[in-house]
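Notes for the structure review
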Amino acid sequence: MLKDEIDSLAPSRDFNRRSFVQTTVGSGFAAAVLPVTAQTIATDTAGLEAGPVTIPVGDFKMPAYRAAPAGKKNLPVVLVASEIFGVHEHIADVCRRFAKLGYLAIAPELFVRHGDAGAYTDIPKLVSEVVSKASGAQVNGDLDAAVAWAAANGGDTSKLAITGFCWGGGTTWRYAAHNPKLTAAAAWYGPVARSYHPGDKTIIELAGSIKAPVLGLYGAADGGIPVETLTQLEAALKAAGNTRCEFVVYPDTPHAFYADYRPSYRKAAADDAWARCLAWFRKNGVA
């Protein structure tokens, strides 16, 4: 199933192209996603404070990309969890999209301890050497540190959301199970019946710990995430007493349908899902 998911993100191409590879967090595109398509969305920084920051996690200095309305305080906070490719230009752009709407958006580089996800062209090697080494415990701790940083830098963490894509979609569910103070979450095509890090529980296995309202956004034609696994998760959530989660599954829609820089992008589904994500956050008190 992982191969199907990866193939949908990175169809066959010449991986020798190295232009536009990121040189700092949130800048350029990861090598494995080149070439980007003409439909790639670019959000400007007008009216924003946006760019790389460093977040302390104990003695470790974690790079992250943040965007927020310039000069504003007490902002609702949204954590943005990346795909397997790390915090490249698309994830930074998602942060700017949120910032234009009044959020403090933070995308931590959650793979950086294990390697440069943006430099890899061989995706199976990226998964085995970098992605699979980022444990749920490490990632949750890094996200906690990002929340603490937000609280000290203009964010109102009583209004805290998380959203993420692909690996980051799974991370979104996982963080919802970890942080009981999370206000709301929106998970985009995150696998729920398997984990990337050996030993981590699946999201279905963690369902009993998920108390926050989570919106799941999925494509019915996603070869790596069978719809029946979503049905299993929904049943597990309800059995545990969480009736506040919802799932939207778009017919004939592939994995990574929000990734406007990739051929997998489906504008109609992406626009609808983005509107649902924003409405979900407003409905549940993150605005």
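Cut-offs and rules
- Residues numbered from 1 in each chain as written.
- Predicted model: local features only at pLDDT ≥ 70, side-chain atom pairs only at ≥ 80, totals over all residues.
- Heavy atoms only, no water.
- Helix = DSSP H or I, 4+ residues; strand = E, 2+ residues; numbered from the N terminus.
- Rg over C-alpha atoms; globule rule 2.2 N^0.38 Å.
- Contact = heavy atoms within 4.5 Å.
- Areas by Shrake-Rupley, 256 points an atom, 1.4 Å probe, with all protein chains shown as cover.
- Lys, Arg positive; Asp, Glu negative; His and termini not counted.
- Charge placed at Lys NZ, Arg CZ, Asp CG, Glu CD.
- Pairing = 2+ DSSP bridges.
- Right-handed = clockwise from strand over helix to strand, strands pointing away.
- Disulfide = S-S within 2.5 Å.
- Axes fitted to C-alpha atoms, helices over the stretch in contact; angles between N-to-C directions.
- pLDDT = per-residue confidence, 0-100.
- Salt bridge = Lys/Arg side-chain N within 4 Å of Asp/Glu carboxyl O.
- Buried < 20%, exposed > 50% of the residue type's maximum accessible area, 1.4 Å probe, protein only.
- Phe/Tyr/Trp six-rings, centres within 6.5 Å; stacked < 30°, edge-to-face > 60°.
- Lys NZ or Arg CZ within 6 Å of the ring centre and 35° of its normal.
- Expected span 1.5 Å × (residues − 1).

Looking at the overall build of the protein chain
- For the protein chain, the count of helices and strands is 8 helices and 8 strands.
- Relative to a compact globule of 287 residues, whose C-alpha radius of gyration would be 19 Å, the protein chain shows 17 Å and is just as compact.
- In terms of overall dimensions, the protein chain has a C-alpha envelope of 50 × 45 × 40 Å along the principal axes.
- In the protein chain, 73% of the contacts between residues at least 6 apart in sequence involve partners at least 24 apart.
- About 11,100 Å² of surface is accessible on the protein chain, with carbon and sulfur atoms providing 53% of the total.
- The positive charge centre, built from 28 side chains, and the negative charge centre, built from 27, are 5 Å apart in the protein chain.

Focus: the pairing of strand E8 (residues 246-250)
- In this sheet, E8 lies alongside strand E7 (residues 214-219) in parallel orientation, the contact comprising 5 bridges. Looking at the pairing, Gly219 lines up with Tyr250 of E8.
- With helix H7 (residues 227-239) bridging E7 and its parallel neighbour E8, the resulting β-α-β unit is right-handed.

A closer look at the state of the cysteines
- Tallying each qualifying case throughout the model produces 0 disulfides.
- Just so you know, Cys166 is unpaired, no disulfide at all, and the nearest cysteine sulfur is the one on Cys277, 17 Å from it.
- Of the cysteine sulfurs around Cys277, a residue in no disulfide, the closest is that of Cys95, at 12 Å.

What to know about the sheet that holds strand E4 (residues 104-108)
- Spatial ordering of the open sheet is given by E1-E2-E4-E3-E5-E6-E7-E8, a layout of 8 strands whose pairing is mixed. A strand with exactly one partner marks an edge of an open sheet, and here the two such strands are strand E1 (48-57) and E8. The average angle at which neighbouring strand axes cross in this sheet is 20 degrees, direction not considered.
- Of the strands in this sheet, E1, strand E2 (60-69), strand E3 (75-81), E4 and strand E5 (155-165) are in contact with helix H2 (residues 89-100), which crosses E2 at around 40 degrees.
- In the packing of helix H4 (residues 136-152) onto the sheet, contacts are made with E1, E2, E3, E4 and E5, and the angle to E1 comes to roughly 125 degrees.

A look at the confidence of the model for the protein chain
- Residues with a pLDDT of 70 or more make up 92% of the protein chain, whose mean pLDDT is 93.
- Low pLDDT, under 50, characterises residues 9-23; the predicted model gives this stretch 40 contacts beyond four residues in sequence or across chains.

As for the pattern of salt bridges
- Applying the stated criterion across every chain yields a total of 11 salt bridges.
- Between Glu89 and Arg96 there is a salt bridge, with the nearest N and O atoms lying 2.5 Å from each other. Side by side, Glu89 and Arg96 carry an identical accessibility label, which is buried.
- Residues joined by salt bridges that share partners form a network here, namely Glu89, Asp93, Arg96, Arg97 and Asp260.

Some thoughts on the pairing of E3
- Where burial is concerned, most of E3 is hidden: 7 out of the 7 residues are buried.
- In the sheet, E3 pairs with E5 via 7 bridges, with the strands oriented parallel. Looking at E5, one finds that Val77 is bridged to Leu160.
- Handedness of the crossover is the feature at issue here: the chain leaves E3, passes through H2, returns alongside E4, and the resulting connection is right-handed.

Considering the packing of aromatic side chains
- As enumerated under the stated definition, the model contains 17 aromatic pairs in all.
- Between Phe29 and Tyr261 the ring centres are 5.7 Å apart and the planes differ by 40 degrees, which places this aromatic pair in the tilted class. Of the two residues, Phe29 sits in the loop between helix H1 (2-9) and E1 while Tyr261 sits in the loop between E8 and helix H8 (267-283), which places them 232 residues apart along the sequence.
- Owing to a relative accessible area of 10%, Phe29 belongs among the buried residues under this scheme.
- For the ring pair Trp188 and Tyr189, a centre distance of 6.5 Å and an interplane angle of 75 degrees mean the geometry is edge-to-face.
- An aromatic cluster of three or more residues is present, and its members are Phe98, Tyr103, Phe165, Trp188, Tyr189, Tyr250, Phe257, Tyr258, Trp274 and Phe281.
- The ring of Tyr196 has Arg194 sitting right over it, with the charged end atom 5.5 Å from the ring centre.

As for helix H5 (residues 167-178)
- Over its 12 residues, H5 extends 16 Å from the first C-alpha to the last, a length consistent with the 16 Å expected when each residue adds 1.5 Å.
- H5 sits mainly inside the fold: 11 of its 12 residues count as buried.
- By the burial criterion, the buried members of H5 are Trp167, Gly168, Gly169, Gly170, Thr171, Thr172, Trp173, Arg174, Tyr175, Ala176 and Ala177.

Looking at unusual backbone geometry
- A cis amide bond links Leu34 to the next residue, Pro35, at an omega of -5 degrees.
- The backbone of Asn74 shows a phi angle near 55 degrees, a positive value even though the residue is not glycine.
- With respect to the secondary-structure elements, Asn74 resides in the loop between E2 and E3.
- Given a relative accessible area of 63%, Asn74 falls into the exposed group.
- Despite not being glycine, Ala256 has its phi angle at roughly 65 degrees, a positive value.
- Structurally, Ala256 is set in the loop between E8 and H8.

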